[in-house]
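Coordinate analysis (summary)
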Amino acid sequence: MKALVLERKGELSLREIDLPLEVGAQDVKIAIHTVGVCGSDVHYYTHGAIGSFVVREPMVLGHEAAGTVTAVGSGVHHLKVGDRVCMEPGVPNMSSRASKLGIYNVDPDVRFWATPPVHGVLMPEVVHPAAFTYKLPDAVSFAEGAMVEPFAVGMQAATRARIVPGDVAVVIGCGPIGVMTALAALAGGCSQVFISDLSAPKLEIAAQYAGITTVNIGEVSLHETIMTATDGWGADIVFEASGSARAYHGIFDLMRPGGALVLVGLPVEPVTFDVPASIFKEARIETVFRYANNFDRAVNLIASGKVDLKPLITDTFDFADSIAAFERAAKALPTDVKIQIRMPS
Ligand code: ZN
C-alpha cells in the first residue's frame with residue numbers, strides 16, 4: 001500500500017511500503033479516513049529527531065487518526081466492522097508496572113506511532129489493539145475524531161491540574177496545545193481562562209471561544225492583567241504551554257498562594273525556575289506527558305457539544321497532496337492551527 005514515508009531528514013515520499021496487517025485476537029483493522037499533521041511529525045521532517053528519538057530508517061508519519069473498522073480479532077467484543085473510530089497512538093506493554101499503575105503513558109516500553117522506530121498511520125490501513133481504539137458517536141465527524149489525540153493532551157493537563165469548579169486559569173502559549181489546554185480547562189470547570197502569546201493571529205483564533213480571554217504580552221503585562229482580574233490574589237492554575245524558557249521568569253507571580261503550575265510545553269533545553277518563589281506559595285507542580293485514560297472522555301466532551309474543535313481545523317489536504325500538507329505545516333503560519341490529510345475513500 002501507498003504511505004507517506006519520511007525517508008530521512010527533509011525528504012518525504014509517497015510510495016509503496018509493505019507492512020504486516022495480520023489481525024491478532026485483540027486487534028482491529030482500520031481503514032484510515034483522516035490524519036492530523038502534528039508538530040512532532042513536522043519536527044521529524046525538518047530536524048530528523050526529537051531528543052533521543054532519531055530517524056535512522058524510513059518511517060511512515062502521522063499519529064492523529066480516525067477511520068472505520070474493517071476487521072476485528074476473535075477476542076474483540078466492543079467493536080464491530082463498520083464502526084467509526086479514533087485511535088490512541090501509544091501502546092504500552094500491558095503487563096508493565098507502569099500499566100498496572102494506570103500511568104501507561106510513561107511506560108518505558110510504550111510504542112508510539114511515528115516515533116522512531118515505530119511507523120505512523122499516513123497510509124490506507126492499519127492494525128491496532130482494540131483496547132486503544134475508541135468508537136466515535138454519530139455526532140463526531142472523522143475530522144473531529146482525528147483531533148481527539150491533540151485534545152487528549154489538553155485533557156491530561158486539565159486532569160493533572162485537579163480543577164475545582166470556578167477556578168481561574170492562565171495558559172501561557174497560544175499554539176495548538178495551548179488552545180486545547182484552555183478548552184479542556186473550561187470543560188473541566190474553570191470559570192475563566194486567560195491565554196497569552198505574542199502572536200495576534202494566534203490569539204484571534206482562541207478569542208472566538210466564550211470563556212477564553214486573550215492577552216497579547218507584546219502589548220500588556222500578563223501579570224498585571226491577572227492581578228487586576230483576581231483582585232491581586234492570582235490565578236488558581238497556571239498552565240505553561242509555550243515551552244519557552246522565558247515563560248518561567250516570574251511564573252509564580254501569576255499564581256495564587258497554594259496554586260498549581262502544570263507544565264505542558266516541552267522546552268528544548270533545561271530551564272531554570274525560582275524555587276523560593278514556588279516554596280513561598282507552596283505551589284503544586286504537575287507535569288504532562290502525552291495522556292492516559294483520557295481518549296474516551298475527550299470523545300464524550302466533543303460529542304456533547306461542550307467542546308468544539310472544528311474551528312481549529314484550518315485546512316484539509318488530499319492524501320495525494322500529503323507532501324504539500326507537510327510543506328505548509330512546516331511554514332508554521334500563525335493562522336494555521338491544525339492541518340489534516342484525508343485518505344481517498
Ligand atoms: Zn500529535
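Because the structure is a prediction, the values reported are computed rather than measured. (Residues numbered from 1 in each chain as written. Predicted model: local features only at pLDDT ≥ 70, side-chain atom pairs only at ≥ 80, totals over all residues. Heavy atoms only, no water.)

Here's the deal with the coordination of the zinc ion
Here is the rule: As a rule, N, O and S atoms within 2.8 Å of a metal are its donors, except that Na, K and Ca use 3.2 Å; water is not among the atoms, so sites may look incomplete. Four donors are marked tetrahedral only if all angles between them lie between 85 and 135 degrees, whereas four are marked square planar and six octahedral if opposite donors are more than 155 degrees apart and the other angles lie between 65 and 115; the remainder are marked irregular. By definition, any uninterrupted DSSP run of H or I lasting at least four residues is a helix, any uninterrupted run of E lasting at least two residues is a strand, and each is numbered from the N terminus.
Bound to the zinc ion on the protein side are Cys 38 (SG), His 63 (NE2), Glu 64 (OE) and Glu 149 (OE), at distances that span 2.2 to 2.6 Å. Seen from the zinc ion, its four donor atoms lie at angles of 84 to 168 degrees, and the figure they make is irregular. Sequence spacing among the residues donating to the zinc ion works out to C-x24-H-E-x84-E. A residue pair is termed long-range when its members are at least 10 positions apart, and Cys 38 in the loop between strand 3 (27–37) and helix 1 (39–47) and Glu 149 in helix 4 (residues 148–161) qualify at 111 residues.

A short note on the sheet that holds strand 1 (residues 2–8)
For clarity, the threshold we go by: For two strands to pair, DSSP has to find at least two bridges joining them. Working rule for contacts: check all heavy atoms of both residues, and any pair within 4.5 Å makes them a contact. Lines fitted to C-alpha atoms define the axes, with helix axes restricted to the stretch in contact, and inter-axis angles between N-to-C directions lie between 0 and 180 degrees.
With antiparallel pairing, the three strands of this open sheet are ordered in space as 2-1-6. Of all the strands in the sheet, the pair left with one neighbour each is strand 2 (11–16) and strand 6 (59–60). Across six bridges, the pairing between strand 1 and strand 2 is antiparallel. Opposite Lys 2, over in strand 2, you have Glu 16 as the bridge partner. Each of strand 1 and strand 2 is contacted by helix 10 (residues 322–330), which is oriented at about 160 degrees to strand 2, the strand it contacts most.

What to know about the pattern of salt bridges
Think of it this way: side chains of opposite charge can pair up when their charged atoms draw near. For clarity, the threshold we go by: For salt bridges, the criterion is a side-chain nitrogen of Lys or Arg within 4 Å of an Asp or Glu carboxyl oxygen.
Under the criterion given, the structure shown has 13 salt bridges. Of the charged contacts, one joins Glu 11 and Arg 8 as a salt bridge, the two residues approaching to 2.4 Å between their closest N and O atoms. In this structure, the salt-bridge partner of Asp 83 is Lys 80, at a minimum N-O distance of 3.0 Å. What emerges from the salt-bridge pattern is a single network uniting Arg 160, Arg 162, Arg 284 and Glu 286.

Points about the domain arrangement of the chain
Where we set the bar: As annotated, the domain borders come from an automatic or database domain assignment. A quick way to say it: buried area is the sum, across both parts, of accessible area lost when two parts are put together, with a 1.4 Å probe. Here a polar contact is recorded for every N or O atom pair within 3.5 Å, except that within protein the pair must consist of a potential hydrogen donor and a potential acceptor, and residues adjacent in sequence are included only if both atoms are side-chain atoms. In this count, Pro and Cys sit with the nonpolar residues alongside Ala, Val, Leu, Ile, Met, Phe, Trp and Tyr, while Asp, Glu, Lys and Arg are called charged and the others, Gly among them, polar.
Domain annotation of the chain identifies domain 1 (2–147 + 309–342) and domain 2 (152–287). Computed from C-alpha atoms alone, the centre-to-centre distance between domain 1 and domain 2 is 29 Å. Opposite the eight residues of domain 1 that make contact, domain 2 presents eleven residues. Between domain 1 and domain 2 the total buried area reaches about 840 Å² when both faces are included, carbon and sulfur atoms providing 74% of it. It is Leu 312, Pro 334 and Val 337 that lose the most area in domain 1 upon contact with domain 2, and together they represent 53% of the buried surface on that side. Taken together, domain 1 and domain 2 are joined by zero salt bridges. Linking domain 1 with domain 2 are zero residue pairs in polar contact (both at pLDDT 80 or more). Residue composition of the side of domain 1 that touches domain 2, by class: six nonpolar, two polar and no charged.

Description of the sheet that holds strand 17 (residues 255–263)
Spatially, the six strands line up as an open sheet ordered 15-14-13-16-17-18, and their pairing is parallel. Strand pairing shows two members of the sheet lacking a second neighbour, strand 15 (212–216) and strand 18 (284–287), which therefore form its edges. Within this sheet the neighbouring strands show an average axis-to-axis angle of 20 degrees, counted without direction. Alignment of strand 16 (residues 235–240) against strand 17, held across five bridges, turns out to be parallel. Considered in strand 17, the bridge of Phe 239 is made with Val 262. Docked against the sheet, helix 5 (residues 176–187) engages strand 13 (168–172), strand 14 (192–197), strand 15 and strand 16, running at close to 170 degrees with respect to strand 14. Sheet strands touched by helix 7 (residues 222–229): strand 13, strand 14, strand 15 and strand 16. Its angle to strand 14, the strand with the most contacts, is close to 170 degrees.

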